[in-house]
Amino acid sequence: MEQALGAVALPLVAAFLMPVLYRWLRWRLGLAALAVAAATFILVILTPNMSLVIPWVSQLGIDLSIHVDGWSRLFALLIAGIGTLVVLYSIPYLGSREDLGKFYAYLLIFMGAMLGVVYAGNVMLLYVFWELTSISSFLLIGFWNTRDDAQYGALKAILITFGGGLAMLGGLAILGTVGGTFELSGLLANRTELLAQPLTTVALVLLLIGAFTKSAQFPFHIWLPDAMAAPTPVSAYLHSATMVKAGLFLIGRLWPIFHVHPLWVPVVATVGMVTMVVGSFLAIQKTDLKAVLALSTVSQLGLIMWLFGLATPEAAQAGTFHLLNHSTFKALLFMVVGIVDHQTGTREIPLLSGLRRAMPVSAALAMVGAASMAGVPLLNGFLSKEMFLTAVNNSSMGLAGAVVATGASLFTTLYCLMLGHKIWFGEPGETPDEPKEGSRTILVPPLILAVIIVAVGVFPALAESAVVGPAVAAVLQAPAELPHIALWHGFTPALLMTALALGGGLLAYTALPGVLAACRRVTPQRYHLNALYDFLWWKNQAVEKAAKWITNRQMTGYLRDYLVYTLGATALLFFGTMLVKGVRIPALNLSPVGPWEFLLAAIIAVGAVFTARARTRLAAIASISLVGMPLSVLFGLLRAPDLALTQVVVESVTVVLFLLVFPHLRQITLYPRRRSTNVNVLVALAVGALGTVVTLLANGARLFPPQVAEWFLRNSMELGGGNNVVNVILVDFRGFDTMGEITVLTVAGLAVYMLIRLRKQQAGGGKS
Amino acid sequence: MELLAALLIGLLLGVGTYLLLERNMIRIVLGTMLITYGTNLMLLTSGRLKTGRAPLLGGSDIQTAAEGGGGIVVDGISYVDPVPQALILTAIVIGLATTAFSFVLAYRTVQEYGTDDLLELRGVEHE
């Protein structure tokens, strides 16, 4: 258990040290971050399968529970492994001019948060880490925060993923309420009962929105291309290899519960399929290398989503394997594109050609990555692509699915050729900087990934037994007979489809300009999702304007309005509850009214009315005293001598205070009311009625248990040494409360003093 | 007596609220004072009124004349509830502190901004 906790905690803690260490280490900070990442990777490798509950907010069913199984291990290895390579890559990539302290802090926060997502055993804990990954993604996209595209991309990403996260929180809350627990293991155990509940469908839809936004599925895919404003190491890490796969992680976690749900196949498989087609179709039209990669990531995520949506064990196996492979070849491609960008000063495909002469190693690496993505044999992408095509073929989608899959794969081949062929061959083009090969350090991480790609491609059994097999078992949660992943499956329909996709892609590549022109013609230019987003959030800021309008309607900045809302709502709630619950005022147990008391009450009433009618300052002083002074006498008559004395003193002090301040104030002008007086009168009447009713209700029910009063009366002499019980309560039994009271008085006194002093100082130093 | 007190409380709170909803700062402070009075009386009434002696132990014979019944009985003598009284005592003092503070605040506001009209003192629109 220490390893799992350590793997999550180490990067999170180290993240906060990064800005501090940066002062001493300067450019060497990358090495410190590398050490942290590598240590985390080792901890991840050492983490066994386990379940553990550390109590946290147990009353709400939210605990710090850890659940590590094959599915989490696959992700954890990717997060820590690719994370280590990315940190290594970032050292030469970023150089020493950037604010490295900030960069590595964000990156390590992400690493810890993402490991938290995959290790969480409680869905609420998962949610917390999930949102933390969104926040670190936001910070990293906006790393170059003075750039417009970085601001735009960061805001777009966080709005879409937080929106989805919110939906997901709702889904998790429903799931936890219906299932009776927030623990993953508990939910899995109750899955049959869960599915019987109609509310579970709502939960499923909400959870899917969360997963789709995070994994950039259509129509939420629009944030991912704009997230490319981030430094390339971030794109390689968060926006292709790990964070965008969090949605797939959630899908894998939900699979055992929901894959039999009637909505699962139609929704998940369709969304995945559409995403795959749209992503690959848009990818070929882009000229920016990172944009191509971003949309190809969208497309590949759609492919994996489609596989999990098919709800067969065979498809889940293919999805899991492709998820692993995609992380390797896509991270590699991002790294190579970063090197190209770094060395030539541009990412525009039309400007780049013939780079293989200057950058032979990068060219070879890019070709391995692109070929793997296209599904060329002997590389890992070929294997999982074959399994994908087979799974679609064998699924309920049948021939139609197979045609769509082949078509999308054809586009995939096309953009893979652009990435792996177009920029490297032909005559060298004009680039801003003279191209030259990247440094050795920067080439090491993609080289390691290339080795993994080939190794998995040639010896798939190794990957299967080490990570894929346990991961699939954890997703299925049930024993299933699955074929072993093998290099050669014989002449199958899938092989034919692969050949078609590769051949068709090559054919289209020879006529690339024509194909691109045709594609652009059928792509909508004006009415698309980005335009909708921009209308709502960016150019037109429709949402912001609407929010501002609503806010300004209620938040008028005028005290009266707020008080009307608050007091009116309180009165409505009170009387509404009384009416609904049928509360009656209980029989009153009245004490007799003496003539003096009646007289005093009458004076107080007159004083109150006069106060409201007072037009001069002096009249106000006189009439408020007409309330206060009789009230103190009334206190005396009502057997509260201490109150009477205190009230008299306070009344006198207040009058003195009035006299001191009033010469500086204006006469009481009656400003015309802005809104109708009737509302004010109504609210005042309601509050007055509330006071009367509450008093009468309280009279029937004893608010203070008599034992308390009795205890004070009995022990006042013995424990407090005083006859006056009220005094003993204040200075002895509840002495600390009185100290608080004195503190309030002191603070108020200081505030008064300061306010007056401030004025004098300003007057002395020339009033602004 | 409780019924009379309840009506008085209603009046004090109602007039206080009415003043609180005004634009003039002095009237608002006066409103808070009336509400304080009303609330204090409400607290006292909630512990029942005149149910016995004032909570002074070892009282003389004079007090006996003012006794009622149904209070907290200790050693055969009925006392009124001392707990609300202790609470109100605190509330009175705090009330004084807030009144003093609001008055000085009103005074300073008039000095700084030259008006005691809350509508005029509104902040800017929300950006």
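Residues numbered from 1 in each chain as written. Chains lettered and ligands numbered in written order. Predicted model: local features only at pLDDT ≥ 70, side-chain atom pairs only at ≥ 80, totals over all residues. Heavy atoms only, no water.

**Topic: the overall build of chain B**
In terms of regular secondary structure, chain B is built from four helices and two strands. For chain B, the sequential pattern of α-helices and β-strands runs α-α-α-β-β-α. Residue pairs in contact within chain B that sit at least 24 positions apart in sequence constitute 56% of those at least 6 positions apart. By element, 63% of the accessible surface of chain B is carried by carbon and sulfur atoms, the whole surface being about 4400 Å². (Helix = DSSP H or I, 4+ residues; strand = E, 2+ residues; numbered from the N terminus. Contact = heavy atoms within 4.5 Å. Areas by Shrake-Rupley, 256 points an atom, 1.4 Å probe, with all protein chains shown as cover.)

**Quick notes on the domain arrangement of chain A**
Entries for chain A in the domain assignment read domain 1 (262–476 + 484–523) and domain 2 (559–705). Using C-alpha coordinates to define each centre, domain 1 of chain A is positioned 76 Å away from domain 2 of chain A. (Domains from an automatic or database assignment.)

**Some thoughts on the environment of A:Leu132**
Residue and element names in this part refer to chain A. Within the secondary structure layout, Leu-132 lies in helix 5 (residues 123–141). Judged by relative accessible area, Leu-132 falls into the partly exposed class, the value being 26%. In contact with Leu-132, not counting residues within four places along its chain, are Leu-12, Ile-109 and Ala-113. (Buried < 20%, exposed > 50% of the residue type's maximum accessible area, 1.4 Å probe, protein only.)

**Points about the environment of A:Thr556**
With respect to the helices and strands, A:Thr556 occurs in the loop between helix 24 (542–554) and helix 25 (559–581). At 2.7 Å, the side chain of A:Thr556 and the side chain of A:Asp561 are in polar contact. (Polar contact = N/O pair within 3.5 Å; in protein donor to acceptor, adjacent residues only side chain to side chain.)

**Some words on the packing of helix 27 (residues 617–637) of chain A against helix 2 (residues 25–46) of chain B**
Close contact between helix 27 of chain A and helix 2 of chain B brings their axes to 11 Å; oriented N to C, the two are set at 10 degrees. In terms of axis orientation, helix 27 of chain A runs roughly parallel to helix 2 of chain B. Here helix 27 of chain A contributes A:Ala620, A:Ile624, A:Val627, A:Gly628, A:Leu631, A:Leu634 and A:Phe635 to the contact with helix 2 of chain B, which in turn contributes B:Leu30, B:Met33, B:Leu34, B:Tyr37, B:Asn40, B:Leu41 and B:Leu44. Its residues placed into classes, the contact of helix 27 of chain A with helix 2 of chain B shows 12 nonpolar, two polar and no charged. (Axes fitted to C-alpha atoms, helices over the stretch in contact; angles between N-to-C directions. Parallel < 35°, antiparallel > 145°, perpendicular 65-115°, else oblique. Nonpolar A, V, L, I, M, F, W, Y, C, P; charged D, E, K, R; others polar.)

**Here's the deal with empty space enclosed by the protein**
Within this structure, the stated rule accounts for five cavities of 30 Å³ or more. Estimated volume of the largest cavity: approximately 110 Å³. Along its surface, the largest cavity is lined by A:Gln647, A:Val650, A:Glu651, A:Thr654, B:Met33, B:Thr36, B:Tyr37, B:Asn40, B:Ile92, B:Gly95, B:Leu96 and B:Thr99. Counting only elements with at least two residues in the lining of the largest cavity, the list comes to helix 28 (641–661) of chain A together with helix 2 and helix 4 (82–113) of chain B. The class makeup of the residues in the lining of the largest cavity is five nonpolar, six polar and one charged. (1 Å grid on protein atoms, 1.4 Å probe; cavity = no way out; pocket = protein on both sides within 12 Å on 5 of 7 lines; lining within 4 Å. Points joined across faces, edges and corners; volume = space filled by probe spheres on them.)

**So, the interface of chain A and chain B**
If you look at the interface, chain A gives 109 residues, while chain B gives 93 residues. Overall, the association of chain A and chain B removes approximately 9300 Å² of surface from exposure, summing both partners, and the carbon and sulfur fraction of that is 72%. Linking chain A to chain B there are one salt bridge. As a salt-bridge pair, B:Lys50 and A:Glu597 come within 2.7 Å of each other at their nearest N and O atoms. Connecting chain A to chain B are 13 residue pairs in polar contact (both at pLDDT 80 or more). Per element, the largest residue contribution to the side of chain A that touches chain B is 14 residues, and it comes from helix 29 (residues 677–700) of chain A. When the residues that make up the side of chain A that touches chain B are grouped by side-chain class, the tally is 66 nonpolar, 27 polar and 16 charged. (Buried area = accessible area lost by both parts, 1.4 Å probe. Salt bridge = Lys/Arg side-chain N within 4 Å of Asp/Glu carboxyl O.)

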